[in-house]
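Residue-level structure breakdown
The lines below spell out each chain.
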Amino acid sequence: MKVTLLGTGDAIGTPKIGCRCPACADALDGVIWTHAHYDHYAGFGDFHRVQNRVPVYGLQETMDYILNYLYFMRPKRNVVETGVPFDLAGMEFTLFEVNHPPICEAAGVLVRVGSKKLVVTGDTNLSIPEASLEMMRGADLLVADAITPPGYNLNKHMDSEEAVGLGRRLSAKEVVLTHISHLFPPHDVAIKRWPLGFDMMTMEL
Ligand SMILES: [Zn+2]
Ligand SMILES: [Zn+2]
Ligand SMILES: [Zn+2]
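These notes cover the structure that comes with them.

Observations regarding the coordination of the zinc ion (ligand 3)
Protein coordination at the zinc ion (ligand 3): the donors are His 40 (NE2), Asp 123 (OD) and His 179 (NE2), at 2.0 to 2.1 Å from the metal. Taken in chain order, the donor set of the zinc ion (ligand 3) reads H-x82-D-x55-H. Here the zinc ion (ligand 2) and the zinc ion (ligand 3) are spaced 3.3 Å from one another, each receiving a donor from Asp 123. With a gap of 139 residues between them, His 40 in the loop between β1 (31-32) and β2 (55-58) and His 179 in the loop between β9 (175-178) and α5 (187-193) connect regions that are remote in the sequence.

Focus on the packing of aromatic side chains
A complete count under the given rule lists eight aromatic pairs for this structure. Considering the side-chain rings of Tyr 38 and Tyr 41, the 5.9 Å spacing of their centres and the 75° angle between planes classify their relative orientation as edge-to-face. Look at Tyr 41 and you get buried, because its relative accessible area is 4%. Relative to Tyr 69, the ring of Tyr 38 lies with its centre 5.8 Å away and its plane at 85°, an arrangement referred to as edge-to-face. Taken as a pair, Tyr 38 in the loop between β1 and β2 and Tyr 69 in helix α2 (residues 60-69) lie far apart in primary sequence, 31 residues in all. What makes Tyr 38 exposed here is its relative accessible area of 51%. Given a relative accessible area of 37%, Tyr 69 falls into the partly exposed group. Aromatic rings pair up to connect Tyr 38, Tyr 41, Tyr 65 and Tyr 69 into one cluster.

Side note on the pattern of salt bridges
This model, assessed by the stated rule, comprises five salt bridges. The partner of Glu 134 in a salt bridge is Arg 137, and the shortest N-O contact between them spans 3.0 Å. Salt-bridge contacts for Asp 140 lead to Lys 173; the nearest nitrogen and oxygen are separated by 3.2 Å. In this pair, Asp 140 is assigned in the loop between α3 (130-136) and β8 (141-145) and Lys 173 in the loop between α4 (160-169) and β9, connecting sequence segments 33 residues apart.

A short note on the sheet that holds β2
Reading across the sheet, the three strands line up as β1-β2-β3 and stay open at both edges, with parallel pairing between neighbours. In this open sheet, the two edge strands, each paired with only one partner strand, are β1 and β3 (76-79). As paired strands, β1 and β2 are joined by two bridges and run parallel to one another. Considered in β2, the bridge of Ile 32 is made with Tyr 57. Across the sheet, α2 lies against β2 and β3, angled at about 150° from β3, the strand it touches most.

Cut-off values and rules
Sequence order as written defines residue numbering, which begins from 1 separately in each chain. Note on labels: chains are lettered from A, ligands numbered from 1, in written order. The predicted nature of this model means local features are confined to residues of pLDDT at least 70 and side-chain atom pairs, given and counted, to a pLDDT of 80 or more, with totals for whole chains, interfaces and linings taken over all residues. As a convention, hydrogens and water are excluded, and side-chain values are obtained from all of the structure's heavy atoms. Coordinating donors are taken as N, O and S atoms within 2.8 Å of the metal, stretched to 3.2 Å for Na, K and Ca; because water is absent from the atoms, sites can appear incomplete. Comment: elements are numbered from the N terminus, with helices defined as DSSP H or I runs of at least four residues and strands as E runs of at least two. In this scheme Phe, Tyr and Trp rings, the latter by its six-membered ring, pair at centre separations within 6.5 Å, and the angle between planes marks the pair as stacked below 30 degrees, edge-to-face above 60, and tilted otherwise. Relative accessibility under 20% of the residue-type maximum defines a buried residue, over 50% an exposed one, and the middle range a partly exposed one, all with a 1.4 Å probe and only protein chains included. Counted as salt bridges are all cases of a side-chain nitrogen of Lys or Arg within 4 Å of a carboxyl oxygen of Asp or Glu. What makes two strands pair is DSSP finding at least two bridges between them. Any pair of residues with heavy atoms lying within 4.5 Å of one another is described as a contacting pair. An axis is simply a line fitted to the C-alpha atoms; with a helix, the fit covers only the stretch in contact. Between two such axes, the angle follows the N-to-C directions and lies from 0 to 180 degrees.

Shown next as structure tokens:
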């Protein structure tokens with residue numbers, strides 16, 4: 001039996017908002033916004049009491065859009081460019097361009113830690129620019145947008161078959177599907193219907 005525990009902080013939240021103890025200081029290094037869709041930034045408002053201590057990272061238009069919505073907040077603003085690495089919490093991050101119409105600016109995230117490489121596609125369809133695909137190649141772990149099972153005609157996102165095919169083409173060692181919708185059947189049914197050949201997990205990001 002495998003048990004996954006979610007939401008394991010106590011009632012006031014861990015890290016506790018406003019607390020400077022070593023455990024809390026260790027737990028909130030920064031926020032990276034991949035694109036300006038509501039489900040990807042609205043929860044940031046919950047940080048309103050620590051807003052001056054949280055560095056945020058994102059592309060120019062994404063940052064402008066989100067901080068216009070969150071006009072009452074003053075996080076530490078770090079505008080970054082695609083293809084230009086930045087350091088955060090002892091790791092190297094690089095944003096790369098993906099394709100998530102109708103939004104004009106959407107990014108995936110490459111994280112390097114020592115010799116390990118993690119790639120998060122962010123929200124994207126399969127038409128990812130070639131330069132980005134080169135950066136994504138050979139990931140130890142690819143976290144890939146897969147909003148539906150195969151058979152849906154998608155414009156904004158990948159389905160699970162496309163996401164897994166992408167992982168295979170890019171020689172990812174492991175693939176995790178995320179942004180999962182209710183159009184999938186229950187997990188046990190889905191994993192039998194689409195045996196994917198990877199060490200597969202699904203998770204919410
Ligand atoms: Zn604390
Ligand atoms: Zn989106
Ligand atoms: Zn999304």
